[in-house]
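For reference, the chains in residue letters:
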Amino acid sequence: MTRLVVAPGVVHWPGYLPPAAQTALVADLREVARIAPFFQPRMPKTGKPFSVRMTNCGDLGWVSDETGYRYQPLHPATGAPWPPMPAILKQAWRDLAGYPHPPEACLVNFYQADAKMGLHQDRDEQDFDAPVVSLSLGDTAVFRIGGTQRGGKTVSLKLASGDALLFGGEARLAYHGIDRILAGSSALLPQSGRINLTLRRVTKPDACASSSLRA
Ligand code: MD6
Ligand code: FE
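Bear in mind the structure is a predicted one, so any value in this text is a computation, not a measurement. (Residues numbered from 1 in each chain as written. Chains lettered and ligands numbered in written order. Predicted model: local features only at pLDDT ≥ 70, side-chain atom pairs only at ≥ 80, totals over all residues. Heavy atoms only, no water.)

Asker: Before we go on, may I ask you to explain the site of ligand 1 in this structure?
Answerer: Every residue close to ligand 1 is listed here: Tyr111, His120, Asp122, Val132, Ser134, Phe143, Phe167, His176, Ile178, Arg194, Asn196 and Thr198. Measuring from an oxygen atom of ligand 1, one finds a side-chain N or O atom of Tyr111 at 2.4 Å. Residue His120 places a side-chain N or O atom 3.1 Å away from an oxygen atom belonging to ligand 1. Contact with the protein chains removes 99% of the 340 Å² of surface that ligand 1 exposes when unbound. Mapping ligand 1 onto the cavity grids shows that it belongs to the largest pocket. Counting only elements with at least two residues in the shell around ligand 1, the list comes to strand 8 (132-138), strand 12 (176-181) and strand 13 (194-200). (Near = heavy atom within 4 Å. Polar contact = N/O pair within 3.5 Å; in protein donor to acceptor, adjacent residues only side chain to side chain. Areas by Shrake-Rupley, 256 points an atom, 1.4 Å probe, with all protein chains shown as cover. 1 Å grid on protein atoms, 1.4 Å probe; cavity = no way out; pocket = protein on both sides within 12 Å on 5 of 7 lines; lining within 4 Å. Sits in = over half its atoms within 2 Å of the grid points. Helix = DSSP H or I, 4+ residues; strand = E, 2+ residues; numbered from the N terminus.)

The following block contains the structure:
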């Protein structure tokens, strides 16, 4: 499999998921969205809605509203626990993360043709030793990556359906965002659009529970 090092700590695997696995994952996500419907997150303080809709699977989910960004075990609208992470996602983490503990959260972002995501850092986790692994499905996106300071030099990269991307090491806190979606570039999703899944470790693993540290 092709493994491209985009910048120190940023790895891109074009076509990591073959077409049949992409289709199977879309079916799994339909079940996730039935249990945990997509919601429209809002910016802290202003309450301005995001153009991206979100849901989550796994033990914890990332949410954003007027009171801030956080991880929580319950869906903000239904109050129910998030559905389990599909096996394909757990396998992707084992294949790509290079990290010995399982992911706790998978944020599911859904972009329609005109949605974007501003430059941000993923920094609501307690454990920055673990990387963030993302998978993209559907229309290609133009992804932008910079350094750990706002306003530095950035590079842009296209993420197509089936691609995996990892942010780890010195890039774990790099600024990144989605400039635009290339509408109609994929036929995977029935009404077009794009899904991005980000797999994260949120809490620091319990040192005593770690086999490498057990007496
Ligand atoms: C997206 N991705 O691709 C947004 N974050 O729609 C992210 O924000 C992201 O792809 C951390 C690591 C990988 C990512
Ligand atoms: Fe991010």
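Asker: So what exactly am I meant to see when it comes to the coordination of the iron ion (ligand 2) here?
Answerer: As a benchmark, a tetrahedral metal site with four donors has ideal angles of 109.5 degrees, while an octahedral site with six donors has ideal angles of 90 or 180 degrees. Within the protein, the iron ion (ligand 2) binds to His120 (NE2), Asp122 (OD) and His176 (NE2); these donor distances fall in the range 2.1 to 2.2 Å. Each donor residue of the iron ion (ligand 2) belongs to the same chain, and together they define the spacing H-x1-D-x53-H. In this structure Asp122 comes out as buried when scored by relative accessible area, which is 8%. (Donors = N, O, S within 2.8 Å, 3.2 Å for Na, K, Ca; no water. Buried < 20%, exposed > 50% of the residue type's maximum accessible area, 1.4 Å probe, protein only.)

Asker: Explain the environment of Ile88 here, please?
Answerer: Secondary-structure assignment places Ile88 in helix 2 (residues 87-96). Residues Ile88 and Asp114 lie 26 residues apart in sequence; the distance between their C-alpha atoms is 28 Å.

Asker: How should I be thinking about the sheet that holds strand 12 in this particular structure?
Answerer: Pairing is antiparallel in the open sheet, where 4 strands are placed in the order 7-12-9-10. Unpaired on one side and paired on the other, strand 7 (117-120) and strand 10 (155-159) mark the two borders of the sheet. Direction aside, neighbouring strands of the sheet carry axes that sit 25 degrees apart on average. Of the pairings in the sheet, the one linking strand 9 (residues 141-145) to strand 12 comprises 5 bridges and is antiparallel in character. Residue Phe143 lies in a different strand from strand 12, and its bridge partner there is Ile178. (Pairing = 2+ DSSP bridges. Axes fitted to C-alpha atoms, helices over the stretch in contact; angles between N-to-C directions.)

Asker: So what exactly am I meant to see when it comes to the nonpolar core here?
Answerer: The nonpolar side chains of a soluble globular protein tend to be buried, and buried together. Core analysis: the largest hydrophobic core is formed by 30 residues, its most contacted members being Leu89, Leu135 and Leu197. Residue contacts for Leu197: discarding those within four places in its chain leaves Leu25, Leu29, Leu89, Cys106, Leu107, Val108, Val133, Ser134, Leu135 and Leu137. Judged by nonpolar contacts, the second largest core, of 28 residues, contains Val52, Met54, Leu107 and Leu157. (Core = buried A, V, L, I, M, F, W, Y, C linked by side-chain atoms within 4.5 Å. Contact = heavy atoms within 4.5 Å.)

Asker: Sorry, what's going on with the sheet that holds strand 11 (residues 164-167) here?
Answerer: Two pairing modes exist for strands in a sheet, parallel and antiparallel, and in both the strands are linked by backbone hydrogen bonds. Taken in spatial order, the 7 strands line up as 1-2-11-8-13-6-3 in an open sheet, and their pairing is antiparallel. Where the open sheet ends on each side, the last strands, each with one partner, are strand 1 (4-7) and strand 3 (53-58). Strand-to-strand twist across the sheet, computed as the mean angle between neighbouring axes with direction ignored, equals 20 degrees. In this sheet, strand 6 (residues 105-111) lies alongside strand 3 in antiparallel orientation, the contact comprising 6 bridges.

Asker: Would you mind going over the pairing of strand 6 with me for this structure?
Answerer: In terms of residue burial, strand 6 counts as a mostly covered element, since 7 of its 7 residues are buried. Neither face of strand 6 is left uncovered, since the one carrying Ala105, Leu107, Asn109 and Tyr111 and the one carrying Cys106, Val108 and Phe110 both have all their residues buried. Summarising the sheet, strand 6 and strand 13 pair through 7 bridges and their orientation is antiparallel. Bridge pairing links Cys106 to Leu199 in strand 13.

Asker: Just to check I follow, could you spell out the layout of surface pockets for this structure?
Answerer: In this approach a probe as big as a water molecule rolls over the atoms, and the regions it shows empty are the leftover space. Considered as a void within the structure, the largest pocket measures approximately 760 Å³ in volume. Every residue lining the largest pocket is counted, 38 residues in all, and those nearest its centre are Phe50, Met117, Gly118, His120 and Asp122. For the lining of the largest pocket, the secondary structure elements donating two or more residues are strand 6, strand 7, strand 8, strand 11, strand 12 and strand 13. The class makeup of the residues in the lining of the largest pocket is 18 nonpolar, 10 polar and 10 charged. Approximately 360 Å³ is the volume found for the second largest pocket. Taken together, 15 residues make up the lining of the second largest pocket; nearest its centre are Arg30, Phe110, Leu189, Pro190 and Ile195. The leading source of residues in the lining of the second largest pocket is helix 1 (residues 19-35), at 4 residues. Grouping the constituent residues of the lining of the second largest pocket by class yields 9 nonpolar, 4 polar and 2 charged. (Points joined across faces, edges and corners; volume = space filled by probe spheres on them. Nonpolar A, V, L, I, M, F, W, Y, C, P; charged D, E, K, R; others polar.)

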